[in-house]
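Understanding the architecture of this molecule
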Amino acid sequence: MRAILVDDELANLENLQILLIKNCPDVKVVATASTIDDAFEKINLHRPDLLFLDIQMGKTTGFDLLNQLGDKTFEVIFVTAYDNYGIQAVKFAALDYLLKPVDPDELIVAVSKAQDRIANKMSGEQLNFLINQIKRSEPAVPKIALPQQHEIRYVSVDDIVRCVADNTYTFFHLSSSEKILVSKPLKEYSDLLKPQGFVRSHQSHLVNPKFVKSWLKEDGGTLLMNNGDKIPVSKPNREIVKAILGK
Amino acid sequence: MCVDSSAKNVYYALGFPNQPHTSFNYLPEVNNLSIQINFRKNINIEQYRYSIIVDDTPIAVNKSIDKTKLKDTHAGGDEEIFSSTSLGVFPIKGKMITILGYSIDKPQDVDKTIFYGKLFFKSKINHIVKQFKTDKGFDYSHIANPKEKTDIKFDEKDDLLDIVKDISDIDNMYSLSIKDRLTDKIIFESRTWKFGGYQSKDNEPYPYVKIDKNVFKKSGDYEIIIQPSIDWTNCLDCDISSKEVEKYTSRYTLSITLDEENYTKKDFLLFSIIIGGLCGAIFVAILNNRKRKAKKKIDEEIKQKQTAQLQLNSVRSQLNPHFLFNALAGIQNLMNKNDTENANKYLSKFARLTRNVLESKELISLTEEKTLLYDYLQMEQLRFGFQYTINTQADLDTENIEIPAMLLQPLVENAVKHGITEKGKDGEIAISFEKQVSNLLLKITDNGSGFDATQTYDGLGLALSKNRISLLNTVYKDTPFILNIQSDTNGTTITITLSQWL
């Protein structure tokens, strides 16, 4: 795998290069870049398989770089120190990221995942989705990328009725009555969707309040959904659920 | 009865109330009237007598039927065949012809038929008489020839009101009704005129109607209406309008003043409704008040919770600085020993821990908590070299059960610091996540030398945890967190029970 590393701090570029040499022999670093203009040229020149891309680089971002590039024939692993907004966007696009200082174990996992994705050639689509999401004006309802075995589903958050945990998997129930299984734990989507107004009513249930019809008192608290489904509310969550639903 | 074919407004066979064998025919626009008498076949006609009276003048008295003139007839289309004869043709316009007939077997049963060839007329109230109680019995007060509007006062002694009408030839065809002006409803109606109480100068009895005081429920205006009361539909070729009827209608207004108001069931109902409504309003007001109070209480609770939440946030973001800098020193040591691999590893762990504190997430999954505890314990292990285990009960859904972030770290830190630092490699810390019915038990056990659990230690770990748990209990009122500490010389077990958490 031919890789280009993009970061505005030299120390980070060196660190990552050393970690890759030590832990990921399959990755060959063909270039490093510390500005997005530099990166733009080098990417067009080298046509890498993989890009390690810092999100925040001075006044510019890694997203700006992606926006300038046309066809994205490479995989991206974002690398960031501490950037909730950027990470959030990356998570919505179901793309991969690493936190600085990079944990060698996490690096190994991320590289192996990238290898799998290169085989499936899905990342160009996801990257375009990410750029579009970033460009959106704030109040718009975001979409979320749900990776499936052979495709990525892009679902408007407004179309998600609820999510149900199945161990480390999550079932998405959509307003079209369709169910989508995603191999990530509910906690991950709970963290992503709570800021969108979703409420965790139960350890296994994340609910979109827009689809809640009423609060039933049965079993100490149950949510009746518009489609008639009943969702349990566990005791510790009762107050929070009530507060969010305004009951 | 036969009338000329040009006749209009022929009201026939109208019964008199309270007077059997009597019928009334209103023929205001008929000129000549032919009177025919029809006998049923079973009647003994020989015994029948009749009289004809025009106005007050009898023109035939107790005459018998001329049998030779009897003819069979269907009498207007009936199947029954009657024996019929004519009593003659009479000019009727402006006159009243009365036919009386009876059988000499039963002279008391007089059939009376009135043919009224005049127009109805407006009646007049002659007197209004109030009857009241006295010590001796009753007395009366009179209002003669009352005006269109008359004031009448009733006090408790008053009893009755007599409305005395002027005398006419057809009193019984008139009705008297009383309308409550307030509700526009007829509250009294009578066609039964009494005779005998009041007499004219000529000793003729005046017709009158007795009205009980209780008819008037409340003070106010009441309308006395006297008008001809015939079945205006029982008519041939009629064009009498209500306007026409109004011409024969007299109206008087009585302004009644009552000393004591009489109340009907309806009034009671009304009052009940009003009182009920009032009670309801008061109830609603009380309810609203209670709601307001409840809301106030809830608002206060929310405020309390928000305060607790804020405090929690600040408590949570306190990683012991002692630990922080010692951890960095540990990493420095690895670097200086050229153990870059471990330095990297521990640096990542350190980053993960501090990131978690900085992000100050409210809840994390048990899996995440476990990772953080591993990170922490591994870094401390680097310094002190003790043993540790983290056990999770098999059926616990660690991926999806959430607990407040960094709940155990201060207690684990406490176990490290006060428990096993002296023991070195023999030190052991065991952490377990267990389920007990719907309670979640988080247990930290060390084999250190223990401490007096009844004493308050200012050691940051315990104090921090106690403070945090009491704040958590403000937020999670229904699912209290219980901190239990057991300590002796063989070791310490600290348990946090999250009641009904699962």
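Residues numbered from 1 in each chain as written. Chains lettered and ligands numbered in written order. Predicted model: local features only at pLDDT ≥ 70, side-chain atom pairs only at ≥ 80, totals over all residues.

1. Structural notes on the overall build of chain A
Where we set the bar: In this text, helices come from DSSP runs of H or I with a minimum length of four residues, and strands from runs of E with a minimum of two, each type numbered from the N-terminal end. Partly exposed residues are those falling between the two cut-offs: more than 12 but fewer than 20 other C-beta atoms within 10 Å of their own, whereas 20 or more means buried and 12 or fewer means exposed, with C-beta atoms placed from the backbone. Contact between two residues is assigned when their C-beta atoms, built from the backbone, lie within 7 Å.
Helix and strand counts for chain A stand at eight helices and 17 strands. The burial tally for chain A puts 37% of its 247 residues in the buried class. Long-range pairs, those at least 24 residues apart, make up 56% of the contacts in chain A between residues at least 6 apart in sequence.

2. Topic: the overall build of chain B
Looking only at helices and strands, chain B has seven helices and 27 strands in total. Of all 502 residues assigned to chain B, the portion counted as buried reaches 25%. Put simply, of all contacts in chain B between residues at least 6 apart along the chain, 69% involve residues at least 24 apart.

3. Considerations on the packing of helix H3 (residues 321–336) of chain B against helix H5 (residues 366–384) of chain B
Pairs of packed helices are described in terms of their axes, by the angle between the two and the distance that separates them. Residues and elements named next belong to chain B. Under the convention used in this document: In this description, a line fitted to the C-alpha atoms serves as the axis of each element, helices being fitted only across the stretch in contact, and the angle between N-to-C directions of two axes falls anywhere from 0 to 180 degrees. For classification, angles of less than 35 degrees are called roughly parallel, those exceeding 145 degrees roughly antiparallel, those between 65 and 115 degrees roughly perpendicular, and all remaining angles oblique. Note: crossing handedness is left-handed where the near helix turns anticlockwise from the far helix by less than a right angle, and right-handed where it turns clockwise. Nonpolar residues are Ala, Val, Leu, Ile, Met, Phe, Trp, Tyr, Cys and Pro. Charged residues are Asp, Glu, Lys and Arg, and all others, Gly as well, are polar.
Remark: H3 packs on H5, axes separated minimally by 10 Å, with the N-to-C direction vectors making an angle of 65°. Judged by the angle between their axes, H3 and H5 are roughly perpendicular. Between H3 and H5 lies a crossing whose hand is left-handed. Contacts between H3 and H5 pair Asn-326, Ala-327 and Gly-330 from the former with Met-379, Leu-382 and Arg-383 from the latter. Looking at the contact of H3 with H5 residue by residue, the classes come out as three nonpolar, two polar and one charged.

4. Let's talk about the interface of chain A and chain B
Facing 15 residues of chain A, the contacting portion of chain B comprises 17 residues. The class makeup of the residues in the side of chain A that touches chain B is seven nonpolar, four polar and four charged.

5. Concerning the sheet that holds strand E13 (residues 149–154) of chain B
By definition, the strands of a sheet pair up through backbone hydrogen bonds, in either a parallel or an antiparallel sense. Residue and element names in this part refer to chain B. What counts, and what does not: Strand pairing is assigned whenever DSSP detects at least two bridges linking the two strands.
Pairing within the open sheet is mixed, and its five strands lie in the order E13-E20-E18-E15-E16. Of all strands in the sheet, those with a lone pairing partner are E13 and strand E16 (185–190), marking the two edges. Each adjacent strand pair in this sheet contributes to an overall mean axis angle of 25°, direction not counted. As paired elements, strand E18 (residues 220–228) and strand E20 (residues 250–258) share seven bridges and run antiparallel to each other. Paired with Glu-223 across the two strands is Thr-253, which belongs to E20.

6. Brief notes about the confidence of the model for chain B
Applicable threshold: One number per residue, pLDDT, summarises how confident the predictor is, and it ranges from 0 to 100.
Averaged over every residue, the pLDDT of chain B is 83; the share at 70 or more is 92%. Across the assembled chains, the prediction reports ipTM 0.80 with pTM 0.57.

7. Describing the packing of helix H4 (residues 84–92) of chain A against helix H6 (residues 123–135) of chain A
All names here are of chain A. Packing of H4 against H6 brings their axes to within 9 Å, and their N-to-C directions diverge by 135°. As judged from the angle between their axes, H4 and H6 are oblique. Where H4 crosses over H6, the handedness of that crossing is right-handed. Together, Ala-89, Val-90 and Phe-92 of H4 and Leu-130, Gln-133 and Ile-134 of H6 make up the contact between the two elements. Residues belonging to the contact of H4 with H6 are distributed by class as follows: five nonpolar, one polar and no charged.

8. Comments concerning the sheet that holds strand E16 (residues 222–225) of chain A
All names here are of chain A. A sheet is described by the order of its strands in space; here three strands give the open sequence E15-E16-E17, paired in antiparallel fashion. A single partner strand is all that each edge strand has here, and the edge strands are strand E15 (212–216) and strand E17 (230–232). When strand polarity is set aside, the average angle formed by the axes of neighbouring strands in this sheet is 25°. Strand direction decides the pairing type here: E16 and E17, joined by three bridges, are antiparallel.

9. Quick look at H4 of chain A
All names here are of chain A. Let me state the cut-off plainly: Comment: arc refers to directions from the helix axis out to C-beta atoms.
Looking at H4, one finds that the buried residues are Ala-89, Val-90 and Phe-92. Projection of H4 onto a plane perpendicular to its axis shows the buried side chains occupying an angular sector of 160°, all on one side. Considering only its buried residues, H4 is in contact with strand E6 (75–80), strand E7 (96–99), H6, strand E8 (143–147) and helix H7 (186–193).

10. A closer look at the nonpolar core
The following threshold applies: Note on terminology: a nonpolar core is any set of buried Ala, Val, Leu, Ile, Met, Phe, Trp, Tyr and Cys residues joined through C-beta atoms within 7 Å. Where each domain starts and ends follows an automatic or database-derived domain assignment.
Among the nonpolar cores identified, the biggest contains 61 residues, and Val-6 and Phe-52 of chain A are the most heavily contacted of them. Residue assignment places this core across two domains, with domain 1 (2–135) and domain 2 (158–245) of chain A each supplying three or more. Val-6 of chain A has contacts with Ala-33, Ala-39, Leu-51, Phe-52, Leu-53, Asp-54, Gly-62 and Leu-65 of chain A, leaving out every residue within four places of it along the chain. Residues Ile-331, Leu-373, Leu-407 and Leu-471 of chain B belong to the second largest nonpolar core, which totals 44 residues.

11. Here we look at unusual backbone geometry
Note that the residue after Lys-100 of chain A, namely Pro-101 of chain A, is joined by a cis bond; omega there is -5°. Relative to the helices and strands, Pro-101 of chain A resides in the loop between E7 and helix H5 (104–120). The phi torsion at Ser-177 of chain A lies on the positive side, around 75°, for a residue other than glycine. With respect to the element layout, Ser-177 of chain A can be found in the loop between strand E11 (169–174) and strand E12 (179–182). With 8 C-beta atoms counted inside 10 Å, the residue Ser-177 of chain A sits in the exposed group. Positive phi, close to 40°, is recorded for Asn-145 of chain B, a residue that is not glycine.

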